[in-house]
Amino acid sequence: MFQDTFKHQGLRQQLINLLRDKGIKDENVLKAMNKVPRHLFLDSSFEAHAYQNKAFPIGADQTISHPFTVAFQTELLQLKPGHKVLEIGTGCGYQTAVLLNLGAKVYSIERQQELFKKTQLFLPKLGYRPKRLIFGDGYKGLPKEAPFDSIIVTAGAPYVPKPLLAQIKIGGRLIIPVGDDPQIMHLYIRTSATEFKKETFGEFRFVPMLEDKN
Ligand code: SAH
């Protein structure tokens, strides 16, 4: 049922080469992405285009991120095997799979029930086993499992939610696109219990991180 042919693998290798040309340097990140059959995460009508550096609809008005964006955010996390990572915005689970291939223990939150259910069934079929997939609101983070080595937000946040900053370890990282359309990629490194170092990177476009007002 799930076919990953030589053709898919060849196209994937070309995509990885493109990401390297575009400035992604961490070979571990590229290797992790080269192992994920992105075409299987998309509706079959997009299969022929799955290895282009493009975003595609994944249902519930959401999109899978551009491969370059996935690579860029993942590189900034500087993951080590065994790191505990919280992802906000599970979506189709592609980014989750990349994090798992890097040996991270992944917790991921999704607020759209339809996507949450679909991805919860789909990932194990490909052999991907996150520690937990959670249906809920990413603005709150996951206090029960905190602190995390890093937190990655894959939706555009209007501001940096305080609970997320509070849930990273000292020395840990939060990578989050902030702003309206486009967003600016922000990296926060926790340097002490009360201090953070902030760096910003270029412009990116994400679907909005939605807040539950109730
Ligand atoms: N990492 C995903 C990207 C999906 S797009 C992938 O690889 O496919 C962003 C996702 O964030 C969407 O699925 C959207 O429903 C989700 N999202 C938006 N606001 C959220 C919130 N407050 N909490 C959790 N998930 C949220």
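Here the structure is a predicted model, which means the values were calculated and not measured.

A. The pattern of salt bridges, seen in detail. In the structure shown here, the tally under the stated rule is seven salt bridges. A salt bridge links D137 to K140; the shortest N-O distance between them is 3.5 Å. Three or more residues joined by partner-sharing salt bridges are found here, namely K84, R132 and E145.

B. Region of interest: the nonpolar core. Among the nonpolar cores identified, the biggest contains 48 residues, and L19, M33, F41 and Y94 are the most heavily contacted of them. For this core, the element with the most residues is helix 3 (residues 67-77), which contributes six residues. Other than its neighbours up to four places away in sequence, Y94 contacts M33, V36, R38, F41, I64 and V70.

C. Spotlight on the site of the ligand. Near the ligand lie 28 residues; those nearest to it are T63, G89, E110, G138 and L210. In the model, a nitrogen atom of the ligand is placed 3.4 Å from a nitrogen or oxygen of the R111 main chain. Here a nitrogen atom of the ligand and a side-chain polar atom of D137 are 3.1 Å apart. Starting from 580 Å² of accessible surface for the ligand in isolation, the protein chains cover 99%.

D. Examining the packing of aromatic side chains more closely. Scanning all chains against the criterion turns up ten aromatic pairs. Ring geometry for Y107 against F148: centres 5.8 Å apart, planes inclined by 70°, an arrangement best described as edge-to-face. Of the two residues, Y107 is situated in strand 4 (residues 105-110) and F148 in strand 6 (residues 148-153); the sequence distance between them amounts to 41 residues. Among the residues examined, F148 registers a relative accessible area of 0% and is labelled buried.

E. Geometry of the UniProt feature "active site" (unreviewed entry) in the protein. The UniProt entry lists S65 under the feature "active site" (unreviewed entry), expressed in the numbering used here. Aside from chain neighbours lying at most four places away, what touches S65 is R38, K54, V70 and F206.

F. Expanded view of the sheet that holds strand 6. Reading across from one edge, 5-4-3-6-7-8-9 is the order of the seven strands in this open sheet, with mixed pairing throughout. Whereas interior strands pair on both sides, the edge strands pair on one side only; in this sheet they are strand 5 (132-135) and strand 9 (196-204). Across the sheet, the mean angle from the axis of one strand to that of its neighbour is 15°, orientation sign disregarded. Packing against the sheet, helix 5 (residues 113-125) makes contact with strand 4 and strand 5, and its axis sits at approximately 165° to strand 5.

G. The side chain of S108, seen in detail. Position of S108 relative to the elements: it lies in strand 4. Its relative accessible area of 0% is what places S108 among the buried residues. A polar atom in the side chain of S108 sits 2.7 Å from the side chain of E87. Setting aside residues no more than four positions away along its own chain, S108 makes contact with E87, T90, T96, R132, L133 and I134.

H. Region of interest: helix 2 (residues 27-34). Considered for burial, the residues of helix 2 that qualify are V29, L30, A32 and M33. Along the axis of helix 2, the buried positions cluster into a sector of 160°, meaning they face one direction only. At the N-terminal boundary of helix 2, the capping side chain belongs to D26, with an oxygen 2.9 Å from the backbone nitrogen of N28.

I. Region of the structure containing the pairing of strand 3 (residues 84-88). Burial within strand 3 is extensive, with four of its five residues counted as buried. Here five bridges tie strand 3 to strand 4, and the two strands are oriented parallel to one another. Note on strand 4: the bridge partner recorded for K84 is K105. For the segment spanning strand 3, helix 4 (residues 94-101) and strand 4, crossover handedness is right-handed. The pairing of strand 3 with strand 6 spans four bridges and is parallel. In the strand pairing of strand 6, I88 is matched with V153.

Cut-off values and rules
Residues numbered from 1 in each chain as written. Predicted model: local features only at pLDDT ≥ 70, side-chain atom pairs only at ≥ 80, totals over all residues. Heavy atoms only, no water. Salt bridge = Lys/Arg side-chain N within 4 Å of Asp/Glu carboxyl O. Core = buried A, V, L, I, M, F, W, Y, C linked by side-chain atoms within 4.5 Å. Buried < 20%, exposed > 50% of the residue type's maximum accessible area, 1.4 Å probe, protein only. Helix = DSSP H or I, 4+ residues; strand = E, 2+ residues; numbered from the N terminus. Contact = heavy atoms within 4.5 Å. Near = heavy atom within 4 Å. Polar contact = N/O pair within 3.5 Å; in protein donor to acceptor, adjacent residues only side chain to side chain. Areas by Shrake-Rupley, 256 points an atom, 1.4 Å probe, with all protein chains shown as cover. Phe/Tyr/Trp six-rings, centres within 6.5 Å; stacked < 30°, edge-to-face > 60°. UniProt positions renumbered as here; feature names shortened; annotations may be inferred. Pairing = 2+ DSSP bridges. Axes fitted to C-alpha atoms, helices over the stretch in contact; angles between N-to-C directions. Arc of directions from axis to C-beta. Right-handed = clockwise from strand over helix to strand, strands pointing away.

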